[in-house]
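# Tertiary structure, described
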Amino acid sequence: MNTVEEWKETKHPLDVIEDVKEYAAEGMSFEEIVDAEDEGEFERLKWAGMYTHGVHEDFYMMRTKVPGGHLTPDQAAVIGEVAEEYATAPEEHGGEEQNPIWGDAFLDITTRQDIQKHWIEINDVPDIWDQYAEVGLTTIQGCGDSARNVLGCPVAGCSDHEAFNAQPVVEAVSSFFTENREYANLPRKFKMTITGCKHDCGQSQINDVGMTPAKKEIDGEWQYGFHAKVGGGLSDGPRMASTLDVFVRPEDAVEFTRAVAQTFKELGDRNNRGVCRMRYLVEQLGPEHFEQAVRDRCRVDLRTQGVDLTEGYTGDHVGVHDQKQDGLKYVGFNVIAGRMGGSEFAAAAHAAKQYGTENASVRLATDQNFVITHIPEESIGALLDEPFARKYRPDPGPFSRGAVGCTGSEFCNYGIIETKNRVRRWAKALDKRIDTPDDLDVVRMHMSGCSASCAQPQIADIGFRGETVQVDDPEGTTNEEGDNLVEGMDFGLGGALGTDNEFIDWVEHAVPADAVIPAIEQLFDAYAEERHEGERFYGWCRRVENDRLRDVMQQADANVSGGIAHGD
């Protein structure tokens, strides 16, 4: 077993939850926790939904699970209020001016419909958990080698694009796995998405388990259920999920996902941490053998496939949209890179309650935006006039609308470059500098601060992964070897999900950060001249040879190709 597996063998990861309460009561520091336990305790803390906080000793990131992205207004208000009260930087780390754009007391909406908060001190965790418990929220297994937050359609129950509302299934599966000791120690993280929506906004193609709507004639009657994909994922071994020949009834979804987890638990690699993800097991066994392994472990009979009901992929829900309920609308607000103030999120929650019906809700989307549902048509104007709505407007420019960013070097141990501030600056600048075609409503620009793909760059029109770049530039930071180093990134083009799904091509490597916007401007000049009618940017990038794309980028008055990844 690898070292992490040895740590999990020493103490079951879920036991850390009670330990956290003791650490908080005693006000223990990082060093004291390690002395009391071992280095593995920081790995086990992930099962409490907590990560150590980069270089900021004695602070944590805390992740809140939100199954399907669905929050009641009361739950959303508590999340915002907790951020405002506890996600605050001390004066020695900048205090209210910690971040030049957001200050502190902010929260991040993630690509897995979670909420992340920074600057959390362990002394405050029990108080946060108590406030969460009052409204039915949890951080348990927000991280770690277990079932992560279960994705779903953020407008389930509201959209006429759905075959049926699968949110109850999302909640049932999430409830089964949360605090379930039998399935809380898997070889690696286990990511699921379940939707009844025909537009697959839950991204079934890049999850360990993706369940999408289908129907099948059983005993002379048509029944709704799910088709299933397995083994999708990104990071260093991107793989589109494989389709299994199964039809899963909604009432069997918990048992089916349990059987998949059991298969992963028994057969997954616990030796090489680099290939422990379930997609490697599916690739190794092959989809047919993996399916048989699941059938052998499933306690219900799995029928073969029925009629697939997925029609495509919807990447976001930004804008004002009609609900399927007469007279009601939902509004998708654009949060660039997913970051906003805790007080602003609480204000959105209060607005949902003020302007919406008794069924109003706040929903989190996989593109780091949020949605408010069940707003009567006559109240839309007042809602959009709220201060938070004017800031996170539902009619952004195409680059702002598609901008996604991971945590980056600001807080992440793995982050090589800063991301959140940069994504916001770049998206706004590109919306001003580039005149995109009228029918191009979104350009998906995703930035990961390293190769871990938390921002999902492989499925974006334009994707970045962070690098430290060596350049011949006197303004760079000189290291001990005398090299001039700047932040930079690998530059990819042409990714998308849906019926024309394809991972990005990494067209240029080690591009200095200050050369990126000029390169994008050159690309869009060429795209505007050469695009076919209705052609998306990612489609043009695929049609044009990579050598030509590089030539276009290098026409910029910037050092696009003059960098070398540090260490190469």
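Refer to the preceding data block for the structure.
Source: prediction; values computed, not measured.

## Some thoughts on the nonpolar core
A general feature of soluble globular proteins is that nonpolar side chains tend to end up buried together. Phe-345, Phe-370 and Ile-372 are the most contacted members of the largest nonpolar core, which totals 57 residues. Element by element, the count of residues in this core is highest for helix α5 (residues 73-86), at seven residues. Ignoring anything within four residues of it in the chain, the contact list for Ile-372 reads Lys-329, Tyr-330, Val-331, Phe-333, Ala-348, Ala-352, Ser-361, Val-362, Leu-383 and Phe-388. Formed by 40 residues, the second largest nonpolar core is a distinct cluster that contains Leu-493, Ala-519, Trp-540 and Met-553.

## Regarding the sheet that holds strand β5 (residues 115-120)
The five strands lie next to each other as β1-β2-β5-β4-β13, forming an open sheet whose pairing is antiparallel. Pairing within the sheet leaves two strands with one partner each, and these edge strands are β1 (50-52) and β13 (339-341). Shown here is a sheet whose adjacent strand axes are inclined to one another by a mean of 30°, direction ignored. Across the face of the sheet, helix α6 (residues 125-135) comes into contact with β1, β2 (60-64) and β5 while running at roughly 10° to β2. Relative to β13, helix α11 (residues 342-355) is tilted by about 80°, and along the sheet it contacts β4 (106-109), β5 and β13.

## Observations concerning the sheet that holds strand β14 (residues 362-364)
Pairing within the open sheet is antiparallel, and its five strands lie in the order β3-β14-β15-β12-β11. For this open sheet the edge positions go to β3 (70-71) and β11 (319-322), each flanked by a neighbour on one side alone. Pairing between β11 and strand β12 (residues 328-333): four bridges, direction antiparallel. Among the inter-strand pairings, Gly-319 is bridged to a residue of β12, identified as Gly-332.

## Some thoughts on the pattern of salt bridges
Enumeration over the complete set of coordinates arrives at 40 salt bridges. Note that Glu-521 and Arg-433 form a salt bridge whose closest N and O atoms lie 2.9 Å from each other. Within this pair, whereas Glu-521 is found in helix α16 (residues 516-530), its partner Arg-433 is found in helix α15 (residues 420-433), the two being separated by 88 residues in sequence. By relative accessible area, which is 47% here, Arg-433 ends up partly exposed. Taken together, the shared-partner salt bridges connect Glu-5, Lys-8, Glu-43, Lys-46, Asp-145, Arg-270 and Arg-273 into one network.

Rules behind the numbers
Residues numbered from 1 in each chain as written. Predicted model: local features only at pLDDT ≥ 70, side-chain atom pairs only at ≥ 80, totals over all residues. Heavy atoms only, no water. Core = buried A, V, L, I, M, F, W, Y, C linked by side-chain atoms within 4.5 Å. Buried < 20%, exposed > 50% of the residue type's maximum accessible area, 1.4 Å probe, protein only. Helix = DSSP H or I, 4+ residues; strand = E, 2+ residues; numbered from the N terminus. Contact = heavy atoms within 4.5 Å. Pairing = 2+ DSSP bridges. Axes fitted to C-alpha atoms, helices over the stretch in contact; angles between N-to-C directions. Salt bridge = Lys/Arg side-chain N within 4 Å of Asp/Glu carboxyl O.

No statement about biological role is implied by the geometric values presented.
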